[in-house]
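This is what each chain is made of:
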Amino acid sequence: MGIGHIGHAGRNRRAGRAGQVGRAGYVGYVGRAGHGRSPARAAAVAAVALAVVAGTAVTAGAAGAAGGAPEGEGTTQRPGVGRLEGVWRTDGYGTVAEIRGTTLTTYDVTRAGCTPGWLSGVQVGAPGHGGTVRYGEPGKTYALLSVTPRGRDRAVYKEDGATATKDLTRLPGGLPAQCRQPAPQDPLSVFDRFWATFEENYPFFAAKGIDWHAEGARARAGITPATTADQLEEVFAGLLRPLGDAHVALGRKEADGGYRLALGVLRPGTREYDDREKEQAARAVATQLLAPERTFGRGRLGVGELPGGIGYLRVSAFDGYVEDGPYQDHAAELDRALDLLLAHPERLNGLVIDLRLNGGGSDELGLRIASRLTERPFLAYRKVARNDPADPTRFTAPQPSVVRPAPGTTRFDGPVALLTAGSTISAGETFTQAMAERRPAPVRVGENTQGVFSDIMFKPFSGDFVALLPNEKFLTRDGGTFDGPGIPPDVRTPVFTTEELNRGLDSALTEARRILTARPAGTAGNA
């Protein structure tokens, strides 16, 4: 009961594929809202997210994320004997997880109440090293996430395809009282849960100049017992639209159990490209390639060669490389593309990586590319999440993500140019941010990226509605972020404007080629 009909309304990572939204990692390959095809990546994200089976999506990664299948694969843990049995609260994210026997179930908790969460899963295989238990979607043969105990009252939650973990603390009293009974569905209660979901999790109200308390009070005053679901949708959309945040979306349940995208937006001044424009863009790129690009990952990856010994890699998404499968299958398909691109790195005088129509996906896949483009480790970014419902300045301890040279394979550490645009979204942006720390640093050509980096949370707050929103920041080395305006280019050029598309031109690619041809090997960009 996915949202195929919400379809490409969304752009995905985690959001454009009708069926995967989110970017939290790979939620049942719902992954980080990733790819794009709709008016807003939020939409995309939403679309993707909404495309997951309502109420049963499993978030996460494949079994054996560290490599190999877990020992005892195919067996199940006997109920009642696991070290993880019980109720856990995440540090940040507003989530309570209950583990009973072979089942993991989540709840979303705010000051306004408790509702069943988006995620649930069943155990796959026997507990692994250290008591790690892996969970996946019912009916699937692979897992998507793992939970590992850290003593009696602590645990760590990890989604495959995500670059960070979530800390869990045991709740000795069991499931909170408000989670043991159905949440009220009257209009005022639904509004209060919607408002509290954003109030307690969204990190960017101050940066966007939004007084959420004042706006919420104004909107709440118009809610009555007779307010309809259609009217609530209008109220919610009116509150969310001014955020201009492509990681914010609203989904509404339909009769078949799926969701339609009720609201998705992009940063003002940016746009989504339709299929015709994408075809025009591909033709403009093709005129500069020496031969047609080789495609991988169901068309989401393209490898080609430019004049002057310059390689070309198109990454239209960081997800969706296989129809169905664990994270490792997507990573393997990416490796196939990289192996062709870097078959003879000594012959490359430079490399262009085209991220301009990238709707996002898995951050981990971005770091996988980066690991093939360095000979020394470097810090990609540090990730934090809001973790105090009453204080928007409080965040979890930073979790660093480090890029290390990929062992046992070919690598390239020469000049790189990144092509970016407002349609470079989410995981496309975290990859761009990570690569800024590479030496030599790439030169960025084109436009500012979209300005959304966080994983996306799916928060069903009533029987009719689900909210999609961010709660994290991806910090630079100096503690800043690019949320909002996006990452700026070093060299600003037109990107797939109507005029250029109609004339078959690609100024950004032409400029990247000029820079790489003129630049002595080993010199850095201005990142």
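Conventions we followed
Residues numbered from 1 in each chain as written. Predicted model: local features only at pLDDT ≥ 70, side-chain atom pairs only at ≥ 80, totals over all residues. Heavy atoms only, no water. Helix = DSSP H or I, 4+ residues; strand = E, 2+ residues; numbered from the N terminus. Buried < 20%, exposed > 50% of the residue type's maximum accessible area, 1.4 Å probe, protein only. Areas by Shrake-Rupley, 256 points an atom, 1.4 Å probe, with all protein chains shown as cover. Contact = heavy atoms within 4.5 Å. pLDDT = per-residue confidence, 0-100. Core = buried A, V, L, I, M, F, W, Y, C linked by side-chain atoms within 4.5 Å. Pairing = 2+ DSSP bridges. Arc of directions from axis to C-beta. Disulfide = S-S within 2.5 Å. Polar contact = N/O pair within 3.5 Å; in protein donor to acceptor, adjacent residues only side chain to side chain.

### A short note on the overall build of the protein chain
No. 1: Counting its regular elements, the protein chain contains ten helices and 22 strands.
No. 2: Looking at the protein chain as a whole, 62% of its 527 residues are labelled buried.
No. 3: Per element, the accessible surface of the protein chain, about 19500 Å² overall, is 52% carbon and sulfur.

### Observations concerning the side chain of Lys166
No. 1: Relative to the helices and strands, Lys166 resides in strand S8 (residues 165-170).
No. 2: Other than its neighbours up to four places away in sequence, Lys166 contacts Tyr93, Ala155, Val156, Tyr157 and Glu159.

### Remarks on the confidence of the model for the protein chain
No. 1: A residue-level look at the protein chain finds 83% of positions with pLDDT of 70 or above and a mean pLDDT of 86.
No. 2: Here residues 1-81 is modelled with pLDDT under 50, and outside its nearest four sequence neighbours on either side it reaches 417 contacts, counting other chains as well.
No. 3: Confidence drops under pLDDT 50 across residues 521-527; counting only partners more than four residues distant or on other chains, this segment forms 17 contacts.

### Regarding the nonpolar core
No. 1: Ranked by size, the top nonpolar core spans 37 residues in total, and within it Leu313, Val315, Phe318, Ile353, Ile369, Leu373 and Phe431 carry the most contacts.
No. 2: For this core, the secondary-structure elements that each account for two or more residues are strand S12 (301-306), strand S13 (310-315), helix H6 (327-341), strand S14 (350-354), helix H7 (363-370), strand S15 (378-385), strand S17 (416-420) and helix H8 (427-435).
No. 3: Here this core takes six residues from H6, the largest share from any one element.
No. 4: In contact with Ile353, other than residues within four places in its own chain, are Leu313, Val315, Leu373, Val416, Ala417, Leu418, Leu419 and Phe431.

### A word on the sheet that holds S12
No. 1: Here we have seven strands laid out as an open sheet, ordered S11-S12-S13-S14-S17-S18-S22, and mixed in their pairing. Taken across any chain shown, the strands that pair with only one partner, and hence form the sheet edges, are strand S11 (294-296) and strand S22 (491-492).
No. 2: Summarising the sheet, S12 and S13 pair through six bridges and their orientation is antiparallel. By the bridge assignment, Gly304 is partnered in S13 with Tyr312.

### Re unusual backbone geometry
No. 1: Omega for the bond connecting Arg439 with Pro440 falls within 30 degrees of zero, at 0°, which places this linkage in the cis form.
No. 2: Inspection of the secondary structure puts Pro440 in the loop between H8 and strand S18 (443-446).
No. 3: With a phi angle near 60°, Ser426 is a residue other than glycine that sits in the positive phi range.

### Considerations on helix H3 (residues 212-220)
No. 1: Taken together, the buried positions of H3 are Trp212, Gly216 and Ala219. One side of H3 carries all its buried residues, which in axial view fall inside an arc of 65°.
No. 2: In this structure, the buried side of H3 is in contact with helix H2 (187-201) and helix H4 (229-240).

### Let's talk about the environment of Leu104
No. 1: Positionally, Leu104 belongs in strand S3 (residues 103-110).
No. 2: Each C-alpha atom, one on Leu104 and one on Val87, is 9.7 Å from the other, the two residues being 17 residues apart in sequence.
No. 3: Each residue touching Leu104, except ones within four places of it in the same chain, is listed here: Glu98, Ile99, Leu119, Ser120, Gly121, Tyr135 and Val147.

### Section: the state of the cysteines
Joining two cysteines, a disulfide is a covalent bond between their sulfur atoms.
No. 1: Evaluation of the coordinates by the stated rule reveals one disulfide.
No. 2: With a sulfur-sulfur separation of 2.0 Å, Cys114 is cross-linked through a disulfide to Cys179. In this structure, the disulfide formed by Cys114 and Cys179 twists by about 105° around the S-S bond and is classed as right-handed. On the criterion of sequence distance, the pair formed by Cys114 in strand S4 (residues 113-123) and Cys179 in the loop between S8 and H2 is long-range, its members being 65 residues apart. By the burial criterion, Cys114 is buried, and Cys179 matches it.

### Digging into the side chain of Gln433
No. 1: Residue position: Gln433 is located in helix H8.
No. 2: A polar atom in the side chain of Gln433 sits 3.4 Å from the backbone oxygen of Leu475.
No. 3: Apart from the residues within four sequence positions on either side, Gln433 is in contact with Ala380, Tyr381, Phe453, Phe474, Leu475, Thr476, Phe482 and Ile487.

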